[in-house]
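One letter stands for each residue in the lines below.
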Amino acid sequence: GTRLAVSDAFPVPEVETREALLRVMVYDSKGAMGYDTTDQPFTVTSGATGVEQPAQPTVFALRHNVPNPFNPSTLIRFDLPTAARTDLRVYDLRGRLVRTLVAQDMPIGYHSVRWDGTNDQGAQMPSGVYIYRLKAGDFRDQQRMVLVK
């Protein structure tokens, strides 16, 4: 089924307020399908609740980066239902390696890595579309992200 989650780009305040906007993101098993942001402020009260995720993931998943488009950095999330050799790399549209974010054995769990828009040499990359690819055990997936200046 579909689950709803609040993007960490727009956290819900932990205190009562009349000055909040909310972005709701809709996810499927591969990542975000879409989102909507409230047009008007709303009130968060003590009755607000959250939905807990399972203690450990049950399937491999590469999530959409948040935010997207981004500047200056973005968060890439992925789920590992078993420990696995994990490689997470960023490529340009010509298929050239830009940055290796993860290249190690990783434990079971929910993981996140921040990309700051730089290459492996530390140089800032230009605006454009980039591909991030996850290899974990036999699992392979990729997503697109947009760096804007």
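Residues numbered from 1 in each chain as written. Predicted model: local features only at pLDDT ≥ 70, side-chain atom pairs only at ≥ 80, totals over all residues. Heavy atoms only, no water.

**Brief notes about the packing of aromatic side chains**
Here comes step 1: Tallied over the entire structure, the rule returns three aromatic pairs.
Here comes step 2: Pairing Phe60 with Phe139 gives two aromatic rings, centres 5.4 Å apart and planes at 15°, and the pair type is stacked. In this pair, Phe60 sits in the loop between strand E5 (42-44) and strand E6 (61-62) while Phe139 sits in strand E12 (residues 139-147), placing the two residues 79 residues apart along the sequence.
Here comes step 3: For Phe139, a relative accessible area of 18% corresponds to the buried category.
Here comes step 4: Taken together, a centroid distance of 5.5 Å and an interplanar angle of 70° make the contact between Trp115 and Tyr130 edge-to-face. Residue Trp115 is found in strand E10 (residues 109-115), and its partner Tyr130 is found in strand E11 (residues 128-136); the two are separated by 15 residues along the sequence.
Here comes step 5: By relative accessible area, which is 0% here, Trp115 ends up buried.
Here comes step 6: Given the relative accessible area of 3%, Tyr130 is considered buried. (Phe/Tyr/Trp six-rings, centres within 6.5 Å; stacked < 30°, edge-to-face > 60°. Helix = DSSP H or I, 4+ residues; strand = E, 2+ residues; numbered from the N terminus. Buried < 20%, exposed > 50% of the residue type's maximum accessible area, 1.4 Å probe, protein only.)

**Quick word on the pattern of salt bridges**
Here comes step 1: Throughout the structure, instances matching the rule amount to six salt bridges.
Here comes step 2: Across the pair Arg96 and Asp92 runs a salt bridge whose closest N-O atoms are separated by 2.7 Å.
Here comes step 3: According to the relative accessible area criterion, Asp92 is buried, its value standing at 13%.
Here comes step 4: One salt bridge connects Arg99 with Asp120, and the closest N-O pair in it is separated by 3.8 Å. (Salt bridge = Lys/Arg side-chain N within 4 Å of Asp/Glu carboxyl O.)

**Comments concerning the environment of Ala123**
Here comes step 1: Checked against the element boundaries, Ala123 lands in the loop between E10 and E11.
Here comes step 2: Taking the C-alpha atoms as reference points, Ala123 and Val98, separated by 25 residues in sequence, lie 9.9 Å from one another.
Here comes step 3: In contact with Ala123, not counting residues within four places along its chain, are Gly117 and Thr118. (Contact = heavy atoms within 4.5 Å.)

**Some remarks on the nonpolar core**
Here comes step 1: Ranked by internal contacts, the top residues of the largest apolar core, which has 22 residues, are Phe78, Leu88, Val90, Leu101, Trp115, Tyr130 and Met145.
Here comes step 2: Every element with two or more residues in this core is listed here: strand E7 (74-80), strand E8 (84-92), strand E9 (97-106), E10, E11 and E12.
Here comes step 3: If we skip the residues at most four places from it in the chain, Leu101 touches Ile76, Leu88, Val90, Val113, Arg114 and Trp115. (Core = buried A, V, L, I, M, F, W, Y, C linked by side-chain atoms within 4.5 Å.)

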